[in-house]
Amino acid sequence: STYYSRFGKLALVNGGLVGRGFRICEQCGFAAMAPDPLSSGSRRKKGQGVGHTNPRTGKPCSGYISTHHLGHEFLTDVVEIHFSGPLALQADMMLWRSLTYALLEGASQALNIRRDDLDGTLYLYKRGEPSALVLFDNVPGGAGHVKRIADELEGVFKAAYQRVNGDCCGPETSCYECLRNYRNQPYHDELQRGLVRDFLHCVL
């Protein structure tokens, strides 16, 4: 099943290096990535501000430092795709992530949309249920691209299947000809062309 919204609200969160957050001074605005808690330079009392410089004045500051993750919310066009049935219940996160990028590549090819104008993520509603695939317009305010995906889903699925049905790499991995791109580098080790190929073969 699919659900389309013209006013989907998404949140982007930057957790810093390995999710450690950012150290931010509440007095002067100084900010830096939080260090490894096991490193010698980070063994200060929580909130101690000694050792940083006010970015506006260039003078030492002893303001209180706290750790935060940084993010913002934005509105754009969103389509959610849900799968049900035995095949979906047996699938794991590796398939859903690989399938998300296969559908984005298929949509870009089938509907002649710039790949950079589309992106996607996964959303888990409830433990034990398949993740929802969330595709969205990577354009401020949305551009109606994912509405076209929702309207022409069969063509997008067929193009995605063609994308992963070649012999560009081993089925247990992926490459830049099928699923990989510079935006999904953190997930390259998870993306498997063969998982998506076999799933889409059954779906189609």
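Refer to the preceding data block for the structure.
J.: Explain the sheet that holds strand β3 (residues 31–33) to me, and be specific about the residues and the numbers.
T.: The three strands lie next to each other as β3-β2-β6, forming an open sheet whose pairing is antiparallel. A single partner strand is all that each edge strand has here, and the edge strands are β3 and β6 (65–68). Averaged over all pairs of adjacent strands, the angle between strand axes in this sheet comes to 30°, irrespective of strand direction. Here strand β2 (residues 22–25) pairs with β3 via three bridges, running antiparallel.

J.: Explain the nonpolar core to me, and be specific about the residues and the numbers.
T.: Phe-83, Trp-96, Leu-99 and Leu-103 are the most contacted members of the largest nonpolar core, which totals 33 residues. When contributions to this core are tallied by element, the ones reaching two or more residues are β7 (70–81), α2 (93–110), β8 (118–123), β9 (132–137), α3 (145–151), α4 (153–164) and α5 (193–203). Among the elements that make up this core, the one with the highest residue count is α2 (eight residues). Excluding residues that lie within four positions of it along the chain, Phe-83 makes contacts with Ala-88, Trp-96, Leu-99, Pro-130, Leu-133, Phe-157 and Phe-199.

J.: Which residues make up α4, and what values go with them?
T.: When the terminal C-alpha atoms of α4 are compared, their 17 Å separation across twelve residues agrees well with the 16 Å that a helix rising 1.5 Å per residue should span. Buried within α4 are the following residues: Val-156, Phe-157, Ala-159, Ala-160 and Val-164. The arc enclosing the buried residues of α4, seen along the axis, measures out at 165°, which places them on a common side. Seen from the open side of α4, the exposed residues pointing more than 90 degrees away from its buried face are Glu-154 and Gln-162. Buried-residue contacts for α4 involve α2, α3 and α5.

J.: Report on the packing of aromatic side chains, specifying residues and quantitative values.
T.: What describes a pair of aromatic rings is the distance from one ring centre to the other and the angle between the planes of the rings. Applying the stated criterion across every chain, the model contains six aromatic pairs. With a centroid separation of 5.5 Å and an interplanar angle of 20°, the aromatic rings of Phe-83 and Trp-96 are classed as stacked. On the criterion of sequence distance, the pair formed by Phe-83 in the loop between β7 and α1 (86–89) and Trp-96 in helix α2 is long-range, its members being 13 residues apart. Trp-96 carries the same exposure label as Phe-83, and that label is buried. Between Phe-83 and Phe-157, the ring centres sit 6.1 Å apart and the planes meet at 45°, which makes this aromatic pair tilted. Of this pair, Phe-83 sits in the loop between β7 and α1 while Phe-157 sits in helix α4; the two residues are 74 residues apart in sequence, bridging distant segments of the chain. Accessibility expressed as a relative area gives 15% for Phe-83, which makes it buried.

J.: Describe the state of the cysteines, naming the residues involved and giving the relevant values.
T.: Under the definition given, this model contains zero disulfides. No disulfide involves Cys-169; its sulfur sits 3.8 Å from the nearest other cysteine sulfur, which is in Cys-178.

J.: So what's going on with the packing of α2 against α5? Which residues, and what values?
T.: For any two helices packed against each other, one specifies the inter-axial angle together with the distance between the axes. Relative to each other, α2 and α5 sit at 80°, their axes nearing to 9 Å. Taken together, the axes of α2 and α5 lie roughly perpendicular to each other. Contact residues: Met-94, Leu-95, Trp-96, Ser-98, Leu-99 and Ala-102 in α2; Leu-195, Val-196, Phe-199 and Leu-200 in α5. Tallied by class, residues from the contact of α2 with α5 come to nine nonpolar, one polar and no charged.

J.: Can you lay out the environment of Phe-22 for me, pointing to particular residues and giving the numbers?
T.: With respect to the element layout, Phe-22 can be found in strand β2. Taking the C-alpha atoms as reference, Phe-22 lies 5.3 Å from His-68; in sequence the two are 46 residues apart. In this structure Phe-22 touches Asn-14, Gly-15, Gly-16, Ala-32, Met-33, Ala-34, Ser-66, Thr-67, His-68 and Leu-70, once residues within four positions along its chain are discounted.

J.: Requested: an account of the side chain of Asp-117, with residues and values cited.
T.: Mapped onto the secondary structure, Asp-117 falls in the loop between α2 and β8. When near neighbours in sequence (up to four residues on either side) are disregarded, Asp-117 contacts Phe-136, Asp-137, Asn-138, Val-139 and His-145.

J.: Hey, could you go over the pattern of salt bridges for me, with residue numbers and the actual values?
T.: If you walk through the whole model with that rule in mind, you get twelve salt bridges. The salt bridge involving Glu-190 is made with Arg-97; its shortest N-O contact spans 3.2 Å. Of the two residues, Glu-190 sits in the loop between α4 and α5 while Arg-97 sits in helix α2, which places them 93 residues apart along the sequence. Residue Glu-190 is classed as partly exposed on the basis of its relative accessible area of 26%.

Scoring rules and cut-offs
Residues numbered from 1 in each chain as written. Predicted model: local features only at pLDDT ≥ 70, side-chain atom pairs only at ≥ 80, totals over all residues. Heavy atoms only, no water. Pairing = 2+ DSSP bridges. Helix = DSSP H or I, 4+ residues; strand = E, 2+ residues; numbered from the N terminus. Axes fitted to C-alpha atoms, helices over the stretch in contact; angles between N-to-C directions. Core = buried A, V, L, I, M, F, W, Y, C linked by side-chain atoms within 4.5 Å. Buried < 20%, exposed > 50% of the residue type's maximum accessible area, 1.4 Å probe, protein only. Contact = heavy atoms within 4.5 Å. Expected span 1.5 Å × (residues − 1). Arc of directions from axis to C-beta. Phe/Tyr/Trp six-rings, centres within 6.5 Å; stacked < 30°, edge-to-face > 60°. Disulfide = S-S within 2.5 Å. Parallel < 35°, antiparallel > 145°, perpendicular 65-115°, else oblique. Nonpolar A, V, L, I, M, F, W, Y, C, P; charged D, E, K, R; others polar. Salt bridge = Lys/Arg side-chain N within 4 Å of Asp/Glu carboxyl O.

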